[in-house]
Protein chains: 2
Amino acid sequence: MSEDFIREQSKTFDSGVRLDSGRFLAPITLVYETYGTLNEQKTNAILVEHAWTGDAHLAGKRNESETKPGWWDAIVGSGRLLDTDQYFVICSNVIGSCFGSTGPTSINPKTGKRYNLSFPVVTIRDMVRAQKLLIDSFGIGRLLTVMGGSMGGMQALEWATQYPDNIASAIVLAATPRPSPQAISLNAVARWAIFNDPTWRKGEYKQNPKDGLALARGIGHITFLSDESMHNKFGRRFSAKDGQFDFFGQFEVERYLNYNGYSFVDRFDANSFLYLAKSLDLYDVAWGCESMTEAFSPVKAPLQFYAFSSDWLYPAYQTEEMVNCLKSLGKEVEYHLIPSAYGHDAFLLEHETFAPRIRDFLGRI
Amino acid sequence: MSEDFIREQSKTFDSGVRLDSGRFLAPITLVYETYGTLNEQKTNAILVEHAWTGDAHLAGKRNESETKPGWWDAIVGSGRLLDTDQYFVICSNVIGSCFGSTGPTSINPKTGKRYNLSFPVVTIRDMVRAQKLLIDSFGIGRLLTVMGGSMGGMQALEWATQYPDNIASAIVLAATPRPSPQAISLNAVARWAIFNDPTWRKGEYKQNPKDGLALARGIGHITFLSDESMHNKFGRRFSAKDGQFDFFGQFEVERYLNYNGYSFVDRFDANSFLYLAKSLDLYDVAWGCESMTEAFSPVKAPLQFYAFSSDWLYPAYQTEEMVNCLKSLGKEVEYHLIPSAYGHDAFLLEHETFAPRIRDFLGRI
């Protein structure tokens, strides 16, 4: 990004949305950032979807004091993959999250108190329903593309299946049509870690329940890495200060999980973590349909998929199931299996590998 | 086993053993069970090694009230793989455990109180050092075979490398020469779950810290199963009583982990869990050696190895590394990769597949 600072924006939609659960959520505030300029025909808009613990701060810096740019800065900016001289890039924080969009930390206007656990369970489809209000508010009839990795990829899938006329293409990285029971079980133990924390108090805490949330995040990190990346990064090395025969001595990988777990407590809310974990586990692209075939039937836009060889959270075979289904329906679909040691995190790290292919794909839209 | 009840036995060795940590542990009590009769030449003894949360109760029943037989009853008994008409089968509880052998729940004779965290960190080599005292006490110069799965397999490896003259063969199932950083990290978060439980009190609890230990065990169960076995067993089914949009609603896999986690609290001690997790993580067959080649050089007995295709905790490639190393040293080694959906637990479940191969192997010793 250029030296200009990015401004966080927000819009509130009093109309709200009817959720998959049947509950109604209103008003809905969405926090978002934009990069580049929307052209007059409104045909150059790209929506980038963030993952579980991400936010609307996709690229650049918001002020001088920020030491790091946004989470996908590597691909957004003048001359970059999502070239802001050419495209109008939007990233909005999902509902259920804790970075300004309506979620469990928001004040429930009916009670004047934080929602906490009275916040409704939201699905990934619900997140996209809310985003649709934002895109409509710009007067954008059709997004040039919608793209994202992991939970971001699931949102792109929802755009492709629920709003087939409103996107010209979609790019889905490291996603799954539905998390496996193994992936669910890893989220289940993460939730359990928070439930076990006595300071969580069924969501009615004043301070983030740090031990439980740190452990939950530690468990998450295991799923984001891979056997191979852990070998490369830590091996079986012991943390220097601690003896092997010290009961509390730690392996380096253990210290890494610990450190990253506790850092996370400063930036993410425990209830939001639980709500989004739930959204992920409930996700099924064929929600409400008889089959994946039925779910993909409405798709009109060309889709591009990426899976990463060492991703064991959402393994490649799950992406391939979608690709094969779309092909059997005669849909325009492109698939790349990227060899990578980085596990699930690869979608954030392997941009040099996938950027040229995305550039080609966008060039053809 | 026959209708006779099995008697739990124990021996105390005042001499104790010098541990890998340099600390000295004495006295050492070992609880064990035996099946069949030791022949006069003492050449028909088989030592079966239990895994992490196992015990000496290998087969049969100890009294009328027991509803289930020992943990590997399927292969031990008259006419079974380890035919008690032919062999004298021994199983002893490891030090560090909580089923009668000396461990953190034992009384430290120097203080008159439970060891708790003053118990020394023990390695798997230390467990085998203690077992050697037991085998010597029977006057058994050479075990016909030593066999075990997972941590039991690691103990068999220690017999093969540390006491090469005292075994005629070894059978190693679902083991690893050293746990990967991924395996370590999964134990690390399990430990963390116990550390987080305020009732654990740095090991000085009166009652097992149930929420922490249950979660730790829940995490363990994920590693014992596989993506495939979870698909087969639970799929993405929701627990009947709970709604999908109920915040506390559970997937069936989640309920399974919860149920098994809390059941575990009734039978296993949290400190023992931590000590044995540590022993597992520290395990390295090449401990104190320059290389695996050096570690395997003393091996004299033929070794038989089993790995299971869906075991992601100790994946087959890790067993294959040992097999290849032994082959390159010209050692007598046999390897079977068993196709199985059961994950790491396969070594307890796939006995119909491996029993005939073990029978052949034992027949050749």
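Everything that follows concerns the structure shown earlier in this document.
Residues numbered from 1 in each chain as written. Chains lettered and ligands numbered in written order. Predicted model: local features only at pLDDT ≥ 70, side-chain atom pairs only at ≥ 80, totals over all residues. Heavy atoms only, no water.

What follows deals with the interface of chain A and chain B. At the interface, 60 residues of chain A touch 60 residues of chain B. With both sides pooled, the region where chain A packs onto chain B buries about 5100 Å², and carbon together with sulfur makes up 71% of that total. Summed over the shared surface of chain A and chain B, the result is 2 salt bridges. Taken together, chain A and chain B are joined by 20 residue pairs in polar contact (both at pLDDT 80 or more). Only helix H3 (181-196), helix H4 (210-224), helix H5 (227-233), helix H6 (252-265) and helix H7 (270-282) of chain A provide two or more residues apiece to the side of chain A that touches chain B. Counting residues per element, the side of chain A that touches chain B draws most heavily on H3(A), at 12 residues. Per-class residue counts for the side of chain A that touches chain B are 33 nonpolar, 15 polar and 12 charged. (Contact = heavy atoms within 4.5 Å. Buried area = accessible area lost by both parts, 1.4 Å probe. Salt bridge = Lys/Arg side-chain N within 4 Å of Asp/Glu carboxyl O. Polar contact = N/O pair within 3.5 Å; in protein donor to acceptor, adjacent residues only side chain to side chain. Helix = DSSP H or I, 4+ residues; strand = E, 2+ residues; numbered from the N terminus. Nonpolar A, V, L, I, M, F, W, Y, C, P; charged D, E, K, R; others polar.)

Moving on, we come to the relation of the copies chain A and chain B. Placing chain A over chain B gives an RMSD of 0.0 Å and needs a rotation angle of 180 degrees, together with 0.0 Å of translation along the axis. In symmetry terms, the pair is related by a two-fold rotation axis. Ranked by how close their C-alpha atoms come to the rotation axis, the residues of chain A are headed by A:Ala193, at 3.4 Å. (Least-squares fit on C-alpha atoms with pLDDT ≥ 70 in both.)

Taken as a whole and judged by the stated rule, the model has 49 aromatic pairs over all chains. Here the aromatic rings of A:Phe308 and A:Phe354 are separated by 6.2 Å at their centres, their planes lie at 65 degrees, and the arrangement is edge-to-face. Taken together, the residues A:Phe308 in strand E13 (residues 303-308) and A:Phe354 in helix H11 (residues 351-364) connect sequence positions 46 residues apart. Arranged with centres 5.3 Å apart and planes meeting at 20 degrees, the rings of B:Trp71 and B:Trp72 form a pair that is stacked. (Phe/Tyr/Trp six-rings, centres within 6.5 Å; stacked < 30°, edge-to-face > 60°.)

Right, let's talk about the pattern of salt bridges for a bit. Between side chains of opposite charge, pairing is possible as soon as their charged atoms come close. All names here are of chain A. Under the definition given, this model contains 34 salt bridges over all chains. Among the salt bridges present, the one from Asp281 reaches Arg191, with a minimum N-O distance of 2.6 Å. You can see Asp281 sitting in helix H7 and its partner Arg191 sitting in helix H3, a full 90 residues away along the chain. Residue Asp281 shares its accessibility class with Arg191, and that shared class is buried. In this structure, Asp211 and Lys210 form a salt bridge, with 3.6 Å as the shortest nitrogen-oxygen distance. (Buried < 20%, exposed > 50% of the residue type's maximum accessible area, 1.4 Å probe, protein only.)

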